[in-house]
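A structural walkthrough
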Amino acid sequence: MLDFLAAAASGDAPPAWIQWLPIVGMILIFWFLIIRPQMKRQKAHQQKVAGLKKGDQVVTAGGLVGKVAKVDDHYCEIDLAQGVRVKAVKHTIGDIIPPGGTPAAND
């Protein structure tokens, strides 16, 4: 039995690239499951914000819903209620509500 353990201990070490294989595999898994989808969502949000125009109904990151009154390069003015207009940074716009609104959940 001791001869078997001694033979196993004196065996050649595996090549160095095999030791790095699990680390490379984990990096690829993180890339495809976490980083790549986040980059796609970010790109889609940037395209949405770039296409922002007067009259669009938007939801800000803070949850305020309003209609866009004016759009600049970095800012947009949003009408929240009659006589209430706020100036917001364009990238804080969370979503653009489609013209028909969102359908009811039970439809």
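Presented here is a report on the structure given in the accompanying data block.

**A look at the overall build of the protein chain**
What the protein chain contains, in helices and strands, is 2 helices and 5 strands. Counting helices and strands in the order they occur from the N terminus, the protein chain gives α-α-β-β-β-β-β. A buried classification covers 13% of the 107 residues belonging to the protein chain. For the protein chain, contacts bridging at least 24 residues in sequence account for 31% of all contacts bridging at least 6. When the accessible surface of the protein chain is split by element, carbon and sulfur atoms take 63% of a total near 8,700 Å².

**Topic: the side chain of Thr 60**
In this fold, Thr 60 is placed in strand S1 (residues 57-60). Taking the relative accessible area as the measure of exposure, Thr 60 reaches 14% and is therefore buried. Excluding anything up to four places from it in sequence, Thr 60 contacts Ile 78, Thr 92, Ile 93 and Gly 94.

**Section: the nonpolar core**
Formed by Leu 52, Val 58, Val 68, Cys 76, Ile 78, Ala 88 and Ile 93, the largest nonpolar core amounts to 7 residues. Here Cys 76 is in contact with Leu 52, Lys 70, Val 71, Val 86, Lys 87, Ala 88, Lys 90 and Ile 93, once residues within four sequence places are set aside.

**Observations regarding the pattern of salt bridges**
According to the stated counting rule, one finds 4 salt bridges in the structure shown. For the salt bridge of Lys 53 with Asp 56, the shortest nitrogen-to-oxygen distance reads 3.3 Å. For Asp 56, a relative accessible area of 12% puts it in the buried group.

**Quick word on the sheet that holds strand S3 (residues 75-81)**
Within a sheet, adjacent strands bond to each other through the backbone by hydrogen bonds, running parallel or antiparallel. The strand order across the open sheet built from 5 strands is S4-S3-S2-S1-S5, with neighbouring strands paired in antiparallel fashion. In this open sheet, the two edge strands, each paired with only one partner strand, are strand S4 (84-89) and strand S5 (93-97). In this sheet, neighbouring strand axes are inclined to one another by 45° on average, regardless of whether the strands run parallel or antiparallel.

**Remarks on the environment of Ile 93**
Tracing the chain through its elements places Ile 93 in strand S5. Here Ile 93 falls in the buried class, since its relative accessible area comes to 3%. Sequence separation of Ile 93 and His 45 is 48 residues, and the distance between their C-alpha atoms is 9.0 Å. Excluding residues that lie within four positions of it along the chain, Ile 93 makes contacts with His 45, Val 49, Leu 52, Val 58, Val 59, Thr 60, Cys 76 and Ile 78.

About the thresholds
- Residues numbered from 1 in each chain as written.
- Predicted model: local features only at pLDDT ≥ 70, side-chain atom pairs only at ≥ 80, totals over all residues.
- Heavy atoms only, no water.
- Helix = DSSP H or I, 4+ residues; strand = E, 2+ residues; numbered from the N terminus.
- Buried < 20%, exposed > 50% of the residue type's maximum accessible area, 1.4 Å probe, protein only.
- Contact = heavy atoms within 4.5 Å.
- Areas by Shrake-Rupley, 256 points an atom, 1.4 Å probe, with all protein chains shown as cover.
- Core = buried A, V, L, I, M, F, W, Y, C linked by side-chain atoms within 4.5 Å.
- Salt bridge = Lys/Arg side-chain N within 4 Å of Asp/Glu carboxyl O.
- Pairing = 2+ DSSP bridges.
- Axes fitted to C-alpha atoms, helices over the stretch in contact; angles between N-to-C directions.

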